[in-house]
Amino acid sequence: MDAGIAGRNPAGLGAASWIAPLERALGFAVDAVAAVLVLVEIVVLLSGVIARFVFHSPLVWSDELASMLFIWLAMLGSVCALRRSEHMRMTALVNKLGPRGQALLDTVGIAACLAMLAMAIWPAWEYASDEAFITTPGLGISNIWKAAALPAGIALMGLFAVFRLALRSTLGNQVGAVLLVGAIAGAFWLARAAFEDLGNVNLLIFFFGVTAVCVLAGVPIGFSFGLATFGYLALTTSTPLPVLVGRIDEGMSHLILLAVPLFVFLGLLIEMTGMAKAMIEFLASLLGHVRGGLSYVLIGAMYLVSGISGSKAADMAAIAPALFPEMKRRGAQEGDLVALLSATGAQTETVPPSLVLITVGSVTGVSIAALFTGGLLPAVVLGIVLCGMVWRRYRHEDLSHVPRTPRKQVLKLFLVALPALALPFIIRAAVVEGVATATEVSTLGIVYSVLVGLLFYRQFAWNQIGRMLVSTASLSGAILFIIGTATAMAWGLTQSGFSQSLATMMQQLPGGAMGFLLVSIVAFAILGAVLEGIPAIVLFGPLLFPIARELGIHEVHYAMVVILSMGLGLFAPPLGVGYYSACAIARVNPDAGIRPIVGYMFALLVGILLVAAVPWISLGFLR
């Protein structure tokens, strides 16, 4: 995640004296509106479920209203993420620099974001103006009420980027960053005539070169995608840029993706109400006396809570503090603990209701209900493989001083945890049985969690709801902005003819379907390390899933292989940002986990190859 600019170093006290209060006031207003939009979306979708399932009278306008509000939530959430420094970025190389180098590159990153927003603001306004002539079928109002979210959000992000430059960087860094970004932009503009003669070489220059340089320099991933795509279309084609803004709108406002903020909020509720803690305590009572028992508990607990929060960091943060102190008291090394925590993060990427699964469904057209069903067993297989590695490492552990939990206490903890353990099954059953769609089912989970927290666990912090809603909007905005710009980049690649060339090349790989799967495992492991899961799947999913279909690979099977491979890359050092998130949560030096994680990553790779070789693991439970 974007760690923001290290330290506040105002460029001038006079400027800061009036800019800082303005930034706080405007930021509070944006946070408040975004939080209210999350609440309204929950109410609208829940009303649709009740009207359809209870009263058998569907609300024909609910989906349209939800979609209209959703693009505003996505854009304002992106603004919140920019203000809170929560846009996803790769910092592995930036962190190797000294404090001065990091500060300069952070300022360059903000200037690059401003450059992308400056390129997008006028096309976004033109796109919104064109949408004014379209009337929505359900509500009967102009579509500009929806499309205006794009120029409004871009303008607000630009304003907060200026605030960050003014308040959090030195004058020297500001001047240096603006001159550097301006010089690069000017050089590209002067070379536009040369680009016209380069043909497909432009794909390497923009979609590989510009994107790679920006990502490695720490520019947020969504803005890196936007810079490359806007630059490519503006300098090498005659495509009107408002068309590209339309693709961003299409990518961000797909109604299926409304599940993203709702599941994020559901995950925060699960942690706040004590449901996650209850599940962990029950599992620990079952296996705490077994050699490596708490490691098995870690694997099982991550399986149960994974995917609900929308953030692997949130999943790990809910579990590690509850288990690590006792594991350390039993003699476990902190490097092995963080290595296993990272491995479980990769293992559980396919556990529903995973946001990666929802993203796959939205960009490829694969049934989300089928993905939810197909994702259960592959994660179990990888969990079994990890358990085998745990057994090997802890088979000589001395637990003579650890008492076995009495059966009555185990039963008591099971009864306490039962409402929490039931939630994942309730969510899946509601989708499979048609009570609610994959988008709507999160609202049922939210209502269930609120009731369980209030009535059963009697743990519900009302004063945290506002913060949770803002955090939901911010994380969702960061995710959705990447999806929007990656959708635009994928469209640009398709228009260039790259997708057809890629399809031809992949179809000619030796080994047929299995050769394609093996190459996909390697490719998505690398992409997962560099881009994280959601950007990689949005960018390459639409290109590769049709090839898999042509080769006779079931879409759900291919989705499981791809997602697990991305998880492997995401949590594998030295590039995998998930590994460094695990280290930060566990408060462990990253160097300590490098050696122990090798065995776990090898075990995961064996599990992924097994999933790839045996399609039944992904398809056996499909109807």
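Reading the values: rules and limits
Residues numbered from 1 in each chain as written. Predicted model: local features only at pLDDT ≥ 70, side-chain atom pairs only at ≥ 80, totals over all residues. Heavy atoms only, no water. Salt bridge = Lys/Arg side-chain N within 4 Å of Asp/Glu carboxyl O. Helix = DSSP H or I, 4+ residues; strand = E, 2+ residues; numbered from the N terminus. Buried < 20%, exposed > 50% of the residue type's maximum accessible area, 1.4 Å probe, protein only. Expected span 1.5 Å × (residues − 1). Domains from an automatic or database assignment. Contact = heavy atoms within 4.5 Å. Buried area = accessible area lost by both parts, 1.4 Å probe. Axes fitted to C-alpha atoms, helices over the stretch in contact; angles between N-to-C directions. Parallel < 35°, antiparallel > 145°, perpendicular 65-115°, else oblique. Left-handed = near helix turned anticlockwise from the far one by under 90°. Phe/Tyr/Trp six-rings, centres within 6.5 Å; stacked < 30°, edge-to-face > 60°. Lys NZ or Arg CZ within 6 Å of the ring centre and 35° of its normal.

*Asks:* Would you mind going over the pattern of salt bridges with me for this structure?
*Replies:* Opposite charge on two side chains permits them to pair, given that their charged atoms come into close proximity. Applying the stated criterion across every chain yields a total of 6 salt bridges. Residue Asp31 is joined to Arg83 by a salt bridge in which the shortest nitrogen-to-oxygen separation is 3.2 Å. Here Asp31, found in helix H1 (residues 13-53), pairs with Arg83, found in helix H2 (residues 62-83); they are 52 residues apart in sequence, far enough to count as distant. The exposure classification of Asp31 matches that of Arg83, with both residues buried. Of the charged contacts in the structure, one is a salt bridge between Arg549 and Glu555, with a shortest N-O distance of 2.3 Å.

*Asks:* Help me understand unusual backbone geometry, please; the structure alone is not making it clear to me.
*Replies:* Across the chain, the bulk of peptide bonds are trans and the bulk of non-glycine residues have phi less than zero. In this structure, Ser85 is a non-glycine residue whose phi angle is positive, near 60°. Tracing the backbone through its elements, the reader meets Ser85 in the loop between H2 and helix H3 (99-131). Its relative accessible area of 7% is what places Ser85 among the buried residues. In the Ramachandran plot, Arg458 falls in the positive-phi region, its phi being about 50° despite a non-glycine side chain. Take Arg458: it is sitting in the loop between helix H20 (441-456) and helix H21 (465-496).

*Asks:* Before we go on, may I ask you to explain helix H11 (residues 259-272) in this structure?
*Replies:* Every α-helical turn comprises 3.6 residues, leaving residues that sit three or four positions apart pointing alike. For H11, which comprises 14 residues, the first-to-last C-alpha distance of 20 Å matches the rise-based estimate of 20 Å (1.5 Å per residue) to within 8%. Counted residue by residue, H11 has 12 buried out of 14 residues, so it is predominantly covered. Considered for burial, the residues of H11 that qualify are Ala259, Val260, Pro261, Leu262, Phe263, Val264, Phe265, Leu266, Gly267, Leu269, Ile270 and Met272. A positive phi of about 85° marks Gly274, the residue just after H11.

*Asks:* It is not clear to me how the domain arrangement of the protein chain should be interpreted in this structure. Could you clarify?
*Replies:* How big an interface is tends to be expressed through the accessible area that disappears when the partners come together. When its domains are assigned, the protein chain resolves into domain 1 (18-253) and domain 2 (258-620). Distance between the C-alpha centres of domain 1 and domain 2: 27 Å. Taken together, the contact between domain 1 and domain 2 spans 49 residues of the former and 45 residues of the latter. Summed over both partners, the interface of domain 1 with domain 2 buries about 4,100 Å², with 81% contributed by carbon and sulfur atoms. When residues of domain 1 are sorted by the area they lose upon contact with domain 2, Leu45, Met88 and Phe225 head the list and together hold 16% of the total.

*Asks:* I keep staring at the packing of helix H10 (residues 241-252) against H21 and nothing clicks. Help me out?
*Replies:* Look at H10 against H21: their axes get within 7 Å of each other, and the N-to-C directions meet at 130°. One finds that H10 runs oblique with respect to H21. Crossing of H10 over H21 shows right-handed handedness. In contact with Val243, Leu244, Arg247, Ile248, Gly251 and Met252 of H10, H21 contributes Leu480, Phe481, Ile483, Gly484, Thr487, Ala488 and Trp491.

*Asks:* It is not clear to me how the packing of aromatic side chains should be interpreted in this structure. Could you clarify?
*Replies:* Aromatic rings considered in pairs are described by the distance between their centres and by the relative angle of their planes. A complete count under the given rule lists 13 aromatic pairs for this structure. Between Phe456 and Tyr457, the ring centres sit 5.0 Å apart and the planes meet at 85°, which makes this aromatic pair edge-to-face. Relative accessible area serves as the criterion here: at 42%, Phe456 is assigned to the partly exposed category. Three or more aromatic residues joined by ring pairs make a cluster, and in this case those are Phe188, Phe195, Phe206, Phe207 and Tyr232. The positively charged end of Arg192 is found above the aromatic ring belonging to Trp189, 4.1 Å away from the centroid. Here Arg247 stacks its cationic end above the ring of Trp491, 5.9 Å away from the centre of that ring.

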